Amino acid sequence: MHKNPALTVDAVIVKDGEIVLIQRKGEPFLGQYALPGGFVEYGETVEAALRREILEETGLVVEIVSLVGVYSDPRRDPRGHVVSVAFTATIVGGVLAGDSDAEKAMLWHITKLPPLAFDHAQIVHDALRPR
């Protein structure tokens, strides 16, 4: 049987020098902070998955701004080979509140971030680096 990596999306959402993070409600990395995001469903575009996951986890409606990158290290997720497509996004509506896979959703100052799950520190670094 042929095995394929799973596909996820992650969002870097910055507003007024602060970034949206979630506190994970489940394993892996239970209780740790992460970028909002999640698995792409079959038949769904990565853009639609990003908007859905952000709404489900944070209560925010976002508009995608740009692609940060594709993160494909087979060791980036302890559940197995998971490839993530990361985007920057801007808030266009909603109210920030944790839901579904997120215990909490909150804003953190970009210079005082807590340790992040997965490879999310690298994604944030890449997103905030001057181009």
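The shown structure was predicted, so the numbers you read here are calculated from the model rather than taken from an experiment. (Residues numbered from 1 in each chain as written. Predicted model: local features only at pLDDT ≥ 70, side-chain atom pairs only at ≥ 80, totals over all residues. Heavy atoms only, no water.)

S.K.: Any chance you could explain the nonpolar core here in plain terms?
M.R.: Nonpolar side chains in soluble globular proteins tend to be buried together. V9, I13, V46, L50, I54, V62 and F87 are the most contacted members of the largest nonpolar core, which has 14 residues in total. When residues of this core are traced back to their parent elements, those giving at least two are β1 (6–15), α1 (46–58), β5 (60–71) and β6 (82–94). With 4 residues, the single largest contributor to this core is α1. Among all residues touching L50, those that are not within four sequence positions of it are V9, D10, A11, I64 and F87. Formed by 13 residues, the second largest nonpolar core is a distinct cluster that contains I19, A86, L116 and I123. (Core = buried A, V, L, I, M, F, W, Y, C linked by side-chain atoms within 4.5 Å. Buried < 20%, exposed > 50% of the residue type's maximum accessible area, 1.4 Å probe, protein only. Helix = DSSP H or I, 4+ residues; strand = E, 2+ residues; numbered from the N terminus. Contact = heavy atoms within 4.5 Å.)

S.K.: It is not clear to me how the pairing of β1 should be interpreted in this structure. Could you clarify?
M.R.: In the case of a regular strand, side chains alternate between the two sheet surfaces. Both β1 and β6 contribute to a ladder of 8 bridges, which runs parallel. When the bridges of β6 are listed, L7 appears paired with V83. As paired strands, β1 and strand β4 (residues 37–39) are joined by 3 bridges and run antiparallel to one another. Within the sheet, the bridge partner assigned to T8 lies in β4 and is F39. In this structure, β1 lies alongside strand β2 (residues 18–24), joined through 2 bridges in antiparallel fashion. Bridging across to β2, K15 finds its partner in E18. Between the antiparallel neighbours β1 and β2 lie 2 residues, among them D16 with a positive phi of about 50°. (Pairing = 2+ DSSP bridges.)

The values are spatial; any link to function lies outside them.
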